[in-house]
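# Observations on chain architecture
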Amino acid sequence: MTINTQAPPTFTGNKALQIEEALSFEIGGLDRTGVDFPPAEDRADRLGGLGRGSDIGLPGLSEPETMRHFVRLSQKNYAIDMGPFPLGSCTMKHNPRLNEKIARLPGFADLHPLAPQSCAQGALELIDTLAYWLKELTGMPAVAMSPKAGAHGELCGMMAIKAAIDARGEGARRTRVLAPESAHGTNPATAVQCGFTVEAIPADATGRVDLAALKEKLGPDVAAIMVTNPNTCGLFERDIRAIADAVHDAGGYFYCDGANFNAIAGKVKPGDLGVDAMHINLHKTFSTPHGGGGPGAGPTVLAQTLAEFAPVPFVVRRDGKYQLVETPGAESFGRLTAFHGQMGMFTRALAYMMSHGVDGVRQVAEDAVLNANYVLARLKAEMTPAFDGYCMHEALFDDRFLKDTGVETIDFAKAMIDEGYHPMTMYFPLVVHGAMLIEPTESESKRELDLFCDALLSLAKRAKAGATEAFKAAPVYAPRRRLDETAAARKPVLRWTPA
Ligand SMILES: *Cc1c(COP(=O)(O)O)cnc(C)c1O
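Everything quoted here is computed from the prediction, not taken from an experiment.

### Observations regarding the sheet that holds strand β10 (residues 384–385)
The antiparallel open sheet is built from four strands, whose spatial order is β10-β11-β13-β12. The open sheet has two edge strands, β10 and β12 (425–426), and neither has a second partner. As defined by bridge partners, strand β11 (residues 395–398) adjoins strand β13 (residues 436–438) across three bridges and the pair is classed as antiparallel. Of the residues in β13, the one forming a bridge with F397 is M436. Sheet contacts for helix α12 (residues 343–379): β10, β11 and β13; angle to β11, the most-contacted strand, approximately 30°.

Below, the structure written as structure tokens:
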């Protein structure tokens, strides 16, 4: 196949029905407005001199101009509703529309967080029911519902661990946290945020925690270990019980990063594995929408060892009524956030759980693992799996298959955009050279998986056949070529200045 990059530029800059979009400041004008009001009567200022004296500086657009601007921008975005979203570790599954319908019920959607508890019994029951099922699925006795993301859930769990260590009078001594080299960046960040120093545990040749190396690092100064299971290489930590025992014997706590719970929900109870605290990403495992920074929800389940250190608020049922406990007990580390957590996500997650049932949740995990192994089995014809054997919910490849082609992981990912696919997770986990982490989730049909695999296989063949220049030029069909994302993040230009 040859790529036609020679199409002549159009007068407008538009490409067929893909419209070039200017900034709203360029479309509208500071001296224009989309509405006609008669001039305001000259009245005495009732704002005590606080009325705006200068222009607000926002562009005026007509209603159709406003509509088109935002609809066109939205069409430049990629979404799970448009096609597969194989970002490893992110669990970009379909968000069932039933969830949306339930979340929009006025009784849930229009409730104010400061409404009296007597008027919010249904919402409190919903939080309590979701909490019950999260405890049931994880085999843990307590859960903090208020964390608003996975990373926030980690913070919750590690603050509970810190409080427990302080309560034992060991706060000054236990200052180290151990985390595998393949850990998600939020793990060490959370530990540091809680005042710990972080030390990496090496992986063994199979991509799992090196148990012997871990044991050597344990000691009376270790507060906790943070382990993801299944881990970010898409592999189940087979030694998980031995890991938990070793950490407990050394007096430390076992924080499990539960972001990959989708692979084992309904199959394995983390409580049986010796876990002391674990966050669950409702926006991954339980299908609430995510991407672009939120919203999310990261309830954190806690073992008996940590339950009394849990934050407020939590819901209890007394005399047939639901009550929100907002006053921290003696050991509680306090409050993590305003209000009660992400109610809209709770509603969606519970709708997902109840529409699936326990058998359905188990099948989700089985299908997610089956799909990932199907992708692994097909792609290994041309690509190089990072580790031998089956995977869990995501398939990890390294860049050995691109050796001597001049094509790098980033080029391969950019070429995927031209084929109509959002790239997989790249260069993570760090333990694998040029990592490509693919998580298809259970949502994709065999037809979709086959198309996706065919596209990647053809790209791999083209790379090996020497189409290096085409890869370096990719993406050619996207509205923009390669953007300097580092500069955009480090030196963001957030203010429009008139030309
Ligand atoms: C997604 C993820 C997190 C963080 O979750 P957020 O909701 O994005 O804060 C932590 N660990 C792992 C392994 C993840 O995949």
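Next, the rest of the story.
### Description of the side chain of T138
Here T138 shows up in helix α5 (residues 121–138). Judged by its relative accessible area of 0%, T138 is buried. If we skip the residues at most four places from it in the chain, T138 touches F261, K269, P270, G271, M278, I280 and V301.

### Some remarks on the state of the cysteines
Covalently bonding the sulfur atom of one cysteine to the sulfur atom of another cysteine gives a disulfide. Counting across every chain of the model gives zero disulfides. For C256, which is in no disulfide, the shortest distance to another cysteine sulfur is to C156 and amounts to 15 Å. We classify C256 as buried; its relative accessible area is 3%.

### A look at the packing of aromatic side chains
One pass over the structure, following the stated rule, counts seven aromatic pairs. Between F25 and W496, the aromatic rings sit 4.7 Å apart at their centres with planes inclined by 15°, giving stacked as the arrangement. A residue pair is termed long-range when its members are at least 10 positions apart, and F25 in helix α1 (residues 24–27) and W496 in the segment after α16 (485–490) qualify at 471 residues. Using a relative accessible area of 26% as the deciding quantity, one classes F25 as partly exposed. Given a relative accessible area of 28%, W496 falls into the partly exposed group. Relative to F471, the ring of F412 lies with its centre 6.3 Å away and its plane at 5°, an arrangement referred to as stacked. Taken together, the residues span a long stretch of sequence, with F412 in helix α13 (residues 409–418) and F471 in helix α15 (residues 468–473) at a distance of 59 residues.

### As for the sheet that holds strand β7 (residues 300–302)
The sheet built from seven strands is open, its strands ordered β1-β7-β6-β5-β4-β2-β3 with mixed pairing. Two strands in the sheet have a free side with no partner beyond their single neighbour: β1 (142–144) and β3 (197–201). Here the strands of the sheet are splayed against their neighbours by 25° on average, with no regard to which way each runs. Sheet analysis places strand β5 (residues 253–257) next to strand β6 (residues 277–279), joined by three bridges and oriented parallel. Looking across to β6, one finds that D257 is bridged to H279. Strands in contact with α5 are β1, β6 and β7; relative to β1, the strand with the most contacts, it is inclined by about 125°. The strands that helix α7 (residues 186–193) touches are β2 (176–180), β3, β4 (222–228) and β5; relative to β4, the one it contacts most, it runs at about 160°.

So, how was this worked out
- Residues numbered from 1 in each chain as written.
- Predicted model: local features only at pLDDT ≥ 70, side-chain atom pairs only at ≥ 80, totals over all residues.
- Heavy atoms only, no water.
- Pairing = 2+ DSSP bridges.
- Helix = DSSP H or I, 4+ residues; strand = E, 2+ residues; numbered from the N terminus.
- Contact = heavy atoms within 4.5 Å.
- Axes fitted to C-alpha atoms, helices over the stretch in contact; angles between N-to-C directions.
- Buried < 20%, exposed > 50% of the residue type's maximum accessible area, 1.4 Å probe, protein only.
- Disulfide = S-S within 2.5 Å.
- Phe/Tyr/Trp six-rings, centres within 6.5 Å; stacked < 30°, edge-to-face > 60°.

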